[in-house]
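In case you want the letters, here they are:
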There are 2 protein chains.
Amino acid sequence: MDLAKKVLQGDVLAAARLIRNLEDEVEGAEEELDALYVNTGRAQIVGITGAPGVGKSTLLGCLIGAFRRKGMKVGVVAVDPSSPFSGGAILGDRVRMQAYGVDKEVFIRSLASRGWKGGLSRATVNTIHVMDAMGKDIVLVEAVGSGQADIDIARISDSAVLVLNPGAGDEVQMMKAGILEAADIFVINKSDVAGADRLKHDLEVMLAMSARKATETAWQPPVVMAQAVCEKGTDEVAEAALKHKEYLDASGDLQRRRRERARTELFWALENYVKNHIDNMEHGHLAQMVDNLARRKANPRSVILEIISQMSSGGRDGLFAHRTAKDA
Amino acid sequence: MDLAKKVLQGDVLAAARLIRNLEDEVEGAEEELDALYVNTGRAQIVGITGAPGVGKSTLLGCLIGAFRRKGMKVGVVAVDPSSPFSGGAILGDRVRMQAYGVDKEVFIRSLASRGWKGGLSRATVNTIHVMDAMGKDIVLVEAVGSGQADIDIARISDSAVLVLNPGAGDEVQMMKAGILEAADIFVINKSDVAGADRLKHDLEVMLAMSARKATETAWQPPVVMAQAVCEKGTDEVAEAALKHKEYLDASGDLQRRRRERARTELFWALENYVKNHIDNMEHGHLAQMVDNLARRKANPRSVILEIISQMSSGGRDGLFAHRTAKDA
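Conventions we followed
Residues numbered from 1 in each chain as written. Chains lettered and ligands numbered in written order. Predicted model: local features only at pLDDT ≥ 70, side-chain atom pairs only at ≥ 80, totals over all residues. Helix = DSSP H or I, 4+ residues; strand = E, 2+ residues; numbered from the N terminus. Contact = placed C-beta atoms within 7 Å. Pairing = 2+ DSSP bridges. Axes fitted to C-alpha atoms, helices over the stretch in contact; angles between N-to-C directions. Buried ≥ 20, exposed ≤ 12 C-beta atoms within 10 Å, placed from the backbone. Least-squares fit on C-alpha atoms with pLDDT ≥ 70 in both. Parallel < 35°, antiparallel > 145°, perpendicular 65-115°, else oblique. Left-handed = near helix turned anticlockwise from the far one by under 90°. Nonpolar A, V, L, I, M, F, W, Y, C, P; charged D, E, K, R; others polar. Expected span 1.5 Å × (residues − 1). Arc of directions from axis to C-beta.

A few words on the overall build of chain A. Looking only at helices and strands, chain A has 14 helices and seven strands in total. A separation of at least 24 residues holds for 76% of the contacts in chain A among residues at least 6 apart in sequence.

Okay, the environment of Ile 128 of chain B next. Residue and element names in this part refer to chain B. By secondary structure assignment, the location of Ile 128 is in helix 6 (residues 120-133). C-alpha separation for the pair Ile 128 and Leu 140, spaced 12 residues apart in sequence, amounts to 8.9 Å. Ignoring any residue separated from it by four or fewer positions in sequence, one finds Ile 128 in contact with Ile 45, Val 77, Val 139 and Val 141.

Interfaces are often sized by the accessible area lost when the parts come together. Each side of the interface is counted separately: chain B has 43 residues, and chain A has 43 residues. Secondary-structure elements contributing two or more residues to the side of chain B that touches chain A are helix 3 (29-37), helix 7 (147-155), helix 12 (253-280), helix 13 (283-294) and helix 14 (300-314) of chain B. For the side of chain B that touches chain A, the element with the most residues is helix 12 of chain B, which contributes 14 residues.

Right, let's get into the sheet that holds strand 3 (residues 106-110) of chain A. Adjacent strands of a sheet pair through backbone hydrogen bonds, lying either parallel or antiparallel. All names here are of chain A. Here seven strands make up an open sheet; going across it, the order is 3-2-4-1-5-6-7 and the pairing parallel. For this open sheet the edge positions go to strand 3 and strand 7 (223-225), each flanked by a neighbour on one side alone. In this sheet, neighbouring strand axes are inclined to one another by 20 degrees on average, regardless of whether the strands run parallel or antiparallel. Lying over the sheet, helix 4 (residues 56-69) contacts strand 1 (44-49), strand 2 (74-78), strand 3, strand 4 (138-142), strand 5 (159-164) and strand 6 (185-188), oriented at roughly 175 degrees with respect to strand 4.

Attention now goes to the environment of Leu 60 of chain A. All names here are of chain A. Mapped onto the secondary structure, Leu 60 falls in helix 4. The buried category is assigned to Leu 60, around which 24 C-beta atoms lie within 10 Å. Separated by 82 residues in sequence, Leu 60 and Glu 142 place their C-alpha atoms 7.4 Å apart. Beyond its immediate stretch of four places on either side in the chain, Leu 60 contacts Ile 48, Val 76, Leu 140 and Glu 142.

Moving on, we come to the relation of the copies chain B and chain A. Superposing chain B onto chain A requires a rotation of 180 degrees together with a translation of 0.0 Å along the rotation axis, leaving an RMSD of 0.1 Å. Such a combination of turn and shift is consistent with a two-fold rotation axis. In this assembly the copies share their binding face: 100% of the residues contributing to the interface of chain B also contribute to that of chain A.

Once that is clear, we can look at unusual backbone geometry. With phi around 60 degrees, Arg 296 of chain A is a residue other than glycine that occupies positive phi space. By the element assignment, Arg 296 of chain A lies in the loop between helix 13 (283-294) and helix 14 (300-314).

Take the pairing of strand 3 of chain A next. Residues and elements named next belong to chain A. Of all the five residues making up strand 3, five are buried; the element is thus mostly covered by neighbouring parts of the structure. Residues Val 106, Ile 108 and Ser 110 point to one face of strand 3 and Phe 107 and Arg 109 to the other, with burial holding for every one of them. Here five bridges tie strand 2 to strand 3, and the two strands are oriented parallel to one another. Residue pairing in the sheet places Val 74 in a bridge with Val 106 of strand 3.

Glancing now at the packing of helix 4 of chain A against helix 11 (residues 234-251) of chain A. How two helices pack is summed up by the angle between their axes together with the distance between the axes. All names here are of chain A. Here helix 4 crosses helix 11 at 70 degrees, and the two axes come no closer than 9 Å. Taken together, helix 4 and helix 11 sit at an angle that is classed as roughly perpendicular. Our pair here, helix 4 against helix 11, has a crossing hand that is right-handed. Residues Leu 59, Cys 62, Leu 63, Ala 66 and Phe 67 of helix 4 form the contact with helix 11, whose own contacting residues are Thr 234, Asp 235, Val 237 and Ala 238. Its residues placed into classes, the contact of helix 4 with helix 11 shows seven nonpolar, one polar and one charged.

Residue and element names in this part refer to chain A. In this model, helix 11 (18 residues) spans 26 Å end to end at C-alpha, consistent with the 26 Å of a helix rising 1.5 Å per residue. Along helix 11, the positions that sit buried rather than exposed are Thr 234, Val 237, Ala 238, Ala 240, Ala 241, His 244 and Leu 248. Each buried residue of helix 11 lies within a common arc of 160 degrees when the element is viewed along its axis, so the set occupies one face. Exposed residues pointing more than 90 degrees away from the buried face of helix 11 are listed as Glu 246 and Ala 250. If you follow the buried residues of helix 11, they end up packed against strand 1, helix 4, strand 5, strand 6, strand 7 and helix 12 (253-280). Of the residues flanking the end of helix 11, it is Gly 252, one or two places downstream, whose phi is positive at about 85 degrees.

Moving on, we get to the sheet that holds strand 6 (residues 185-188) of chain B. Residues and elements named next belong to chain B. The seven strands are arranged 3-2-4-1-5-6-7 in an open sheet whose pairing can be described as parallel. Of all strands in the sheet, those with a lone pairing partner are strand 3 (106-110) and strand 7 (223-225), marking the two edges. Sheet twist, expressed as the mean angle between neighbouring strand axes with direction ignored, is 20 degrees. As judged from the four bridges shared by strand 1 (residues 44-49) and strand 5 (residues 159-164), these two strands associate in the parallel manner. Looking at the pairing, Ile 48 lines up with Val 161 of strand 5. Contacts from helix 11 (residues 234-251) reach strand 1, strand 5, strand 6 and strand 7 within the one sheet, and its direction differs from that of strand 6 by about 175 degrees.

All names here are of chain A. Across its 13 residues, helix 2 (residues 12-24) extends 18 Å between first and last C-alpha, which sits within 8% of the 18 Å expected from 1.5 Å per residue. Among all positions of helix 2, only Ala 14, Ala 15, Leu 18, Ile 19 and Leu 22 are buried. The arc enclosing the buried residues of helix 2, seen along the axis, measures out at 135 degrees, which places them on a common side. The exposed set on the far side of helix 2, more than 90 degrees from its buried face, consists of Leu 13 and Asp 24. Its buried side turned inward, helix 2 meets helix 1 (2-8), helix 3 (29-37), strand 3 and helix 6 (120-133). Directly beyond the C-terminal end of helix 2, a positive phi value near 55 degrees is found at Glu 25.

Honestly, it's all geometry; don't read function into it.
Okay, here's the thing in structure tokens:
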């Protein structure tokens with residue numbers, strides 16, 4: 001639990017190492033995360049979602065500055081592979097260096113460029129936990145900009161920010177995907193473009209009519225006008241996020257959300273477990289079962305029954321790739 | 001196994017009923033599907049993917065006619081909620097009636113409008129199996145037009161068709177998503193629009209350079225020019241699909257693909273099992289575990305260990321919602 005201890009003291013190198021170890025499934029990494037987990041839950045998780053090209057990265061860059069000016073420690077998880085925060089060694093480093101590379105209280109990790117075995121959503125959650133445990137006050141998560149992955153980001157956020165552009169017609173796509181309903185703060189970026197006022201009006205009408213007003217939550221999602229420069233709108237978005245956190249604390253919604261998130265996370269972890277189990281199954285045996293399926297000598301349900309009974313008889317053995325004595 | 005028997009005889013009403021029963025998780029439906037499964041694998045599954053608005057539905061409508069003219073029996077699974085084939089009672093019925101409503105050898109089902117509990121991908125697979133078992137020669141699957149869902153459709157297809165439009169810039173999005181590599185046939189729809197020739201050229205260059213040439217498969221994906229009317233391109237696409245099937249048969253790729261698909265399907269079914277297990281868990285106990293997680297009194301891994309050991313001790317009980325004596 002060496003890394004865990006250092007992470008809890010805010011050690012940047014230890015945090016980076018642990019995130020990488022989790023990714024590489026290094027022995028003991030899961031246990032380190034377990035040790036951290038009970039110390040998490042302090043940071044506010046802010047998800048930034050929106051279609052590709054709406055300016056999520058720029059807004060995120062501006063928000064780092066806004067929260068830093070308030071003296072807050074900031075973590076950033078970039079999930080979008082096209083984000084400059086994810087941009088590999090050259091572009092990415094340059095962006096980070098220029099803006100916040102020398103600021104020790106800003107910790108930026110990109111998940112985009114790597115092939116997380118446990119799935120991107122779970123990787124995001126793990127990275128958030130590490131940043132939370134290392135003492136970040138706020139963790140900004142930049143979503144990938146499409147469909148399910150974005151909804152997942154919204155689900156694991158305390159506050160979900162949805163960035164839209166005038167005239168892009170994103171609203172319809174977003175509404176379809178269910179992100180519109182999950183957002184707590186709306187940002188109209190490129191608000192100097194024609195149609196921005198109209199979009200703001202439409203959003204406000206839609207929000208006023210939406211079912212959310214009638215249900216548990218009394219939070220009225222603000223619609224903030226912004227431009228892809230830090231001067232306009234950034235501070236308002238930061239303020240809205242902090243106000244939303246106050247609301248969450250006061251209303252009890254925070255506990256509700258976090259319970260929901262714990263359930264989501266639990267399911268992802270279980271899913272990952274099943275995936276691992278299949279991957280780790282004795283190769284010949286799995287191949288035989290799949291072959292029987294492909295040749296229609298068996299049906300999927302009978303094979304599942306066999307796998308489950310295997311899991312059962314195997315008990316806890318092989319449950320996780322890297323067990324330590326403590327689990328036995 | 002009454003429905004199953006009728007489905008195998010090509011009974012349309014029985015097939016529609018079984019699909020609905022599977023959706024509603026009616027007792028015995030899974031067993032009926034099991035009984036069918038060993039009789040599937042004959043139909044060619046053709047997935048139609050592409051961004052929203054490229055003209056998937058129109059092409060699909062035209063393809064039904066093209067395959068019917070060859071005397072083939074056609075099944076259609078519409079996953080896209082915006083497809084006219086999915087369009088609820090009024091629009092959808094009108095489309096179906098007008099075109100093929102009186103043709104008994106065309107069977108169209110939409111999955112889009114309903115909330116399949118087991119997930120859309122699994123619902124698609126189940127519906128395909130039923131159509132396959134009822135004797136359809138070809139099953140056309142219309143994808144939803146975005147991200148993972150489309151890749152899933154491509155994965156469960158024998159032949160994946162990717163529809164593109166000139167100037168839409170979809171290629172980049174598609175390439176990012178990995179669909180470009182999964183496609184067996186490319187269709188440039190709206191080929192009368194400027195840029196169509198350029199897109200065709202670019203695609204052909206890209207395909208020539210792609211890694212696929214060097215690997216197992218010698219199939220050279222054709223690029224077909226089409227227009228959103230049935231006259232142009234439809235027959236070429238149908239021909240390409242049939243030629244691709246011949247190639248699959250001759251090369252042994254069909255077996256390879258179907259083994260891969262069986263593996264995918266097995267995983268989806270297992271995933272569904274885990275979801276069901278959690279949903280069916282005694283409510284208070286699950287709530288307690290989630291609460292412990294949210295309050296950081298436990299970590300996800302320890303909870304998983306508990307759930308798995310529960311599954312184990314529960315044995316096969318409660319494994320599927322609807323068991324019959326035969327499973328006991």
